[in-house]
Amino acid sequence: DGGITQSPKYLFRKEGQNVTLSCEQNLNHDAMYWYRQDPGQGLRLIYYSQIVNDFQKGDIAEGYSVSREKKESFPLTVTSAQKNPTAFYLCASSAWTSGKRGDTQYFGPGTRLTVL
Amino acid sequence: KNEVEQSPQNLTAQEGEFITINCSYSVGISALHWLQQHPGGGIVSLFMLSSGKKKHGRLIATINIQEKHSSLHITASHPRDSAVYICAVTNAGKSTFGDGTTLTVKP
């Protein structure tokens, strides 16, 4: 079955620790995205990547880092510099075209991070 | 003001009612998406629109590009339709999301 997997589903960390969230897709999509969702708010873009070994900051990149060494994988690290890391994190992917049309994004199940 | 505004924020309906959720946007777009998020958090894409109207089962989505407005309709609503419905607009591969409409359908 093709899809996006995120692990773990729930994650607890102590304040000051870095934590890495996993995102893997087997849809052969070029583009991958990380979003953060807070209660009552829309999804906000953290980072996105249109191609391997390249990524761009989104609207709220401060305190986060990513890598894109493989097409299938786009891990997100929440660093100790992120002031309010407790949130629901969603990974998505899409088939990147020329950018002239929007492609459907497929979402993973999400990881709920709680920093204690 | 958000670039994507949804209304209403919350909606409660009785089973069988016709539901309408609205989305207005203020930026240029290449496509508009309607997404459904269930309580567990997973998000499913319902529609991608760039013009006109699409129908899938009891769900209908319309878009008016000139007015920068889209609507999602649910006919004969059912308790299993209870979810958060999110409007998102895409341009150059990047998406901007509305805050979502929480729909509760009571039996």
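Look up: the structure comes first, before these words.
Quick caveat, the model's predicted, so the values are computed rather than measured.

### Notes on the environment of Ile43(B)
Here comes step 1: By the secondary structure assignment, Ile43(B) is in strand E5 (residues 43-49).
Here comes step 2: The class of Ile43(B) is buried, set by a relative accessible area of 6%.
Here comes step 3: In sequence terms Ile43(B) and Ile86(B) are 43 residues apart; their C-alpha atoms lie 9.2 Å from each other.
Here comes step 4: When sequence neighbours within four positions are dropped, the list of residues in contact with Ile43(B) reads Leu43(A), Leu90(A), Phe107(A), Leu35(B), Gln36(B), Gln37(B) and Ile86(B).

### A look at the state of the cysteines
Here comes step 1: The tally for this structure, following the rule as stated, stands at two disulfides over all chains.
Here comes step 2: Between the sulfur atoms of Cys23(A) and its disulfide partner Cys91(A) the distance amounts to 1.8 Å. Here Cys23(A) and Cys91(A) share a disulfide; its torsion about the S-S bond, -70°, makes the bridge left-handed. Placement of Cys23(A) in strand E3 (residues 19-25) and of Cys91(A) in strand E9 (residues 87-94) is noted, with a sequence separation of 68 residues between them.
Here comes step 3: Among the residues examined, Cys91(A) registers a relative accessible area of 0% and is labelled buried.
Here comes step 4: With its sulfur 2.0 Å from that of its partner, Cys23(B) forms a disulfide with Cys87(B).

### A word on empty space enclosed by the protein
Here comes step 1: Under the defined criterion, the tally for this structure stands at two cavities of 30 Å³ or more.
Here comes step 2: Taken as a whole, the second largest cavity spans an internal volume of roughly 40 Å³.
Here comes step 3: What lines the second largest cavity is Asp103(A), Gln105(A), Phe107(A), His33(B), Leu35(B), Ala88(B), Thr90(B), Ser95(B) and Phe97(B).

### Considerations on the pattern of salt bridges
Residue and element names in this part refer to chain A.
Here comes step 1: The tally for this structure, following the rule as stated, stands at four salt bridges over all chains.
Here comes step 2: Across the pair aspartate 30 and lysine 71 runs a salt bridge, and its minimum N-O distance is 3.4 Å. With aspartate 30 in the loop between E3 and strand E4 (31-37) and lysine 71 in the loop between strand E7 (64-66) and strand E8 (76-78), the pair connects residues that are 41 residues apart, well separated along the chain.
Here comes step 3: Of the residues examined, aspartate 30 reaches a relative accessible area of 31% and is grouped as partly exposed.

### Focus: unusual backbone geometry
Here comes step 1: With an omega of -10°, the peptide bond between Ser7(A) and Pro8(A) qualifies as cis.
Here comes step 2: Here the bond from Ser7(B) into Pro8(B) is cis, since omega is -5°, no more than 30 degrees from zero.
Here comes step 3: When you line up the elements, Pro8(B) lands in the loop between strand E1 (4-7) and strand E2 (10-14).
Here comes step 4: A positive phi is found at Asn28(A), a non-glycine position, where the angle reads about 60°.
Here comes step 5: Tracing the backbone shows Asn28(A) in the loop between E3 and E4.
Here comes step 6: Given the relative accessible area of 59%, Asn28(A) is considered exposed.
Here comes step 7: If you check the backbone angles, Ala76(B) has positive phi at about 50° while not being a glycine.
Here comes step 8: With respect to the element layout, Ala76(B) can be found in the loop between strand E8 (69-74) and strand E9 (83-91).

### What to know about the interface of chain A and chain B
Here comes step 1: Across the contact, 23 residues belong to chain A and 20 residues belong to chain B.
Here comes step 2: Around 1600 Å² of area is buried between chain A and chain B when both sides are counted, 54% of it from carbon and sulfur atoms.
Here comes step 3: Applying the counting rule to chain A against chain B returns three residue pairs in polar contact (both at pLDDT 80 or more).
Here comes step 4: Those elements that place two or more of their residues in the side of chain A that touches chain B are E4, strand E5 (44-51) and E9 of chain A.

What counts, and at which threshold
- Residue numbers here run from 1 along each chain, matching the order of that chain's written sequence.
- All chains are assigned letters beginning at A, and all ligands numbers beginning at 1, according to the order in which they are written.
- With the structure being a predicted model, the display of local features is reserved for residues of pLDDT at least 70 and the display and counting of side-chain atom pairs for 80 or more, all residues being used for whole-chain, interface and lining totals.
- Where side-chain values are given, they derive from all heavy atoms of the structure, hydrogens and water being excluded.
- Comment: elements are numbered from the N terminus, with helices defined as DSSP H or I runs of at least four residues and strands as E runs of at least two.
- Burial here depends on accessible area, computed with a 1.4 Å probe over protein chains only, as a share of the maximum for the residue type. Under 20% is buried, over 50% is exposed, and the range in between is partly exposed.
- Contact between two residues is taken to exist if any of their heavy atoms lie within 4.5 Å; hydrogens are not considered.
- Note on disulfides: each one is a pair of cysteine sulfur atoms within 2.5 Å.
- Cavities and pockets are defined on a 1 Å grid built over the protein atoms alone: a cavity is a set of grid points where a 1.4 Å probe fits but cannot escape, while a pocket is an open set with protein on both sides within 12 Å along at least five of seven lines, and lining residues are those with an atom within 4 Å of any such point.
- Grid points are joined across faces, edges and corners, and a volume is the space filled by probe spheres set on the points.
- By definition, a salt bridge exists where a carboxyl oxygen of Asp or Glu is found within 4 Å of a side-chain nitrogen of Lys or Arg.
- Once two parts are joined, some of their accessible surface, as seen by a 1.4 Å probe, is lost; buried area is that loss totalled over both.
- Here a polar contact is recorded for every N or O atom pair within 3.5 Å, except that within protein the pair must consist of a potential hydrogen donor and a potential acceptor, and residues adjacent in sequence are included only if both atoms are side-chain atoms.

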